[in-house]
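The primary structure of each chain is shown beneath.
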Amino acid sequence: MTEAASGRRIAVLGEMLELGDEAVTAHREIGRFAAESGVDLVLAVGGDLAKQLALAAGEAGVPDVAMVGDNKTAAAFLHTVLKPGDKVLIKASRGGQLWQVAQSLTGQPVTDLSGRHLA
């Protein structure tokens, strides 16, 4: 299938918290895994660990890599680049609250950890 017919594979990946000394290595491995899995766009969300993930993804051959600092910016970015047929995987530690990105993309109210709606 061509990209136009099947859509792109997009991975929105946040930081994996509480990994201790293995954190940098683990984030770099996930970036490389995204490339090996045929991901077309990696959107890394977060700080220094997300940066390591993004750098490794690009070095390993992911065609498009972007990085943002927070979920609101991630959702805004995705709203501008998503096309019909694109497939989006969203994954991070619960503390990253990346469900907020999915809520935004699907038109749901955006909530915090306690389930309260955010403005």
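Residues numbered from 1 in each chain as written. Predicted model: local features only at pLDDT ≥ 70, side-chain atom pairs only at ≥ 80, totals over all residues. Heavy atoms only, no water.

Caption draft 1: Representation of the environment of Asp 40 in the model. Assignment of secondary structure puts Asp 40 in the loop between helix H2 (23-36) and strand S2 (41-45). In contact with Asp 40, not counting residues within four places along its chain, are Arg 8, Arg 9, Val 62, Pro 63 and Asp 64. (Helix = DSSP H or I, 4+ residues; strand = E, 2+ residues; numbered from the N terminus. Contact = heavy atoms within 4.5 Å.)

Caption draft 2: Just the sheet that holds S2, in detail. Read from one edge to the other, the open sheet built from four strands follows the order S3-S2-S1-S4, with strand pairing classed as parallel. Looking at strand neighbours, the two that pair on one side only are strand S3 (64-68) and strand S4 (87-91), the edges of this open sheet. Taking the axes of each pair of neighbouring strands and ignoring which way they run, one obtains an average angle of 15° across the sheet. When strand S1 (residues 9-14) meets S2, the two strands line up parallel, connected through five bridges. Counterpart to Ala 11 in the pairing with S2 is Val 42. Of the strands in this sheet, S1, S2 and S3 are in contact with helix H3 (residues 48-60), which crosses S2 at around 165°. (Pairing = 2+ DSSP bridges. Axes fitted to C-alpha atoms, helices over the stretch in contact; angles between N-to-C directions.)

Caption draft 3: Geometry of helix H4 (residues 71-81). Inspection of H4 places Asn 71, Ala 74, Ala 75 and Leu 78 among the buried residues, and these make up the whole buried set. Projected onto a plane normal to the axis of H4, the buried residues spread over an arc of 95° and lie on a single side. Of the exposed residues in H4, those oriented more than 90 degrees away from the buried face are Lys 72 and Thr 80. Of the residues that open H4, the one with a side-chain oxygen 3.1 Å from the backbone nitrogen of Lys 72 is Asp 70. (Buried < 20%, exposed > 50% of the residue type's maximum accessible area, 1.4 Å probe, protein only. Arc of directions from axis to C-beta. Polar contact = N/O pair within 3.5 Å; in protein donor to acceptor, adjacent residues only side chain to side chain.)

Caption draft 4: Geometry of the side chain of Asp 112. Looking at the secondary structure, you find Asp 112 in the segment after helix H5 (99-105). Aside from chain neighbours lying at most four places away, what touches Asp 112 is Gln 97, Trp 99, Gln 100 and Leu 118.

Caption draft 5: Inspection of the confidence of the model for the chain at higher detail. Residues of the chain with pLDDT of at least 70 account for 95%, and the chain-wide mean is 92. Predicted confidence in the chain is weakest over helix H1 (residues 3-6), with a mean pLDDT of 59, and strongest over S2, with 98. (pLDDT = per-residue confidence, 0-100.)

Caption draft 6: The arrangement of the pairing of S3 in detail. Looking at chain direction, S2 and S3 are connected through five bridges and run parallel. Paired with Ala 44 across the strands is Met 67, a residue of S3. Read as a crossover between parallel neighbours, the route from S2 over H3 to S3 is right-handed. (Right-handed = clockwise from strand over helix to strand, strands pointing away.)

Caption draft 7: Highlighting the environment of Glu 29. Topologically, Glu 29 is positioned in helix H2. In the structure, Glu 29 is positioned 14 residues away from Glu 15 in sequence and 12 Å away in space, judged by C-alpha atoms.

Caption draft 8: Layout of the environment of Lys 72. Note on placement: Lys 72 falls in helix H4. Taking C-alpha positions, Lys 72 is 8.5 Å from Ser 104, a pair spaced 32 residues apart along the chain.

Caption draft 9: Local environment of the pattern of salt bridges. The tally for this structure, following the rule as stated, stands at three salt bridges. Here Arg 8 makes a salt bridge to Asp 86, at a shortest N to O gap of 2.5 Å. A residue pair is termed long-range when its members are at least 10 positions apart, and Arg 8 in the loop between H1 and S1 and Asp 86 in the loop between H4 and S4 qualify at 78 residues. The shortest N-O distance in the salt bridge between Arg 116 and Asp 112 comes to 3.0 Å. When its relative accessible area of 14% is taken as the criterion, Asp 112 is described as buried. (Salt bridge = Lys/Arg side-chain N within 4 Å of Asp/Glu carboxyl O.)

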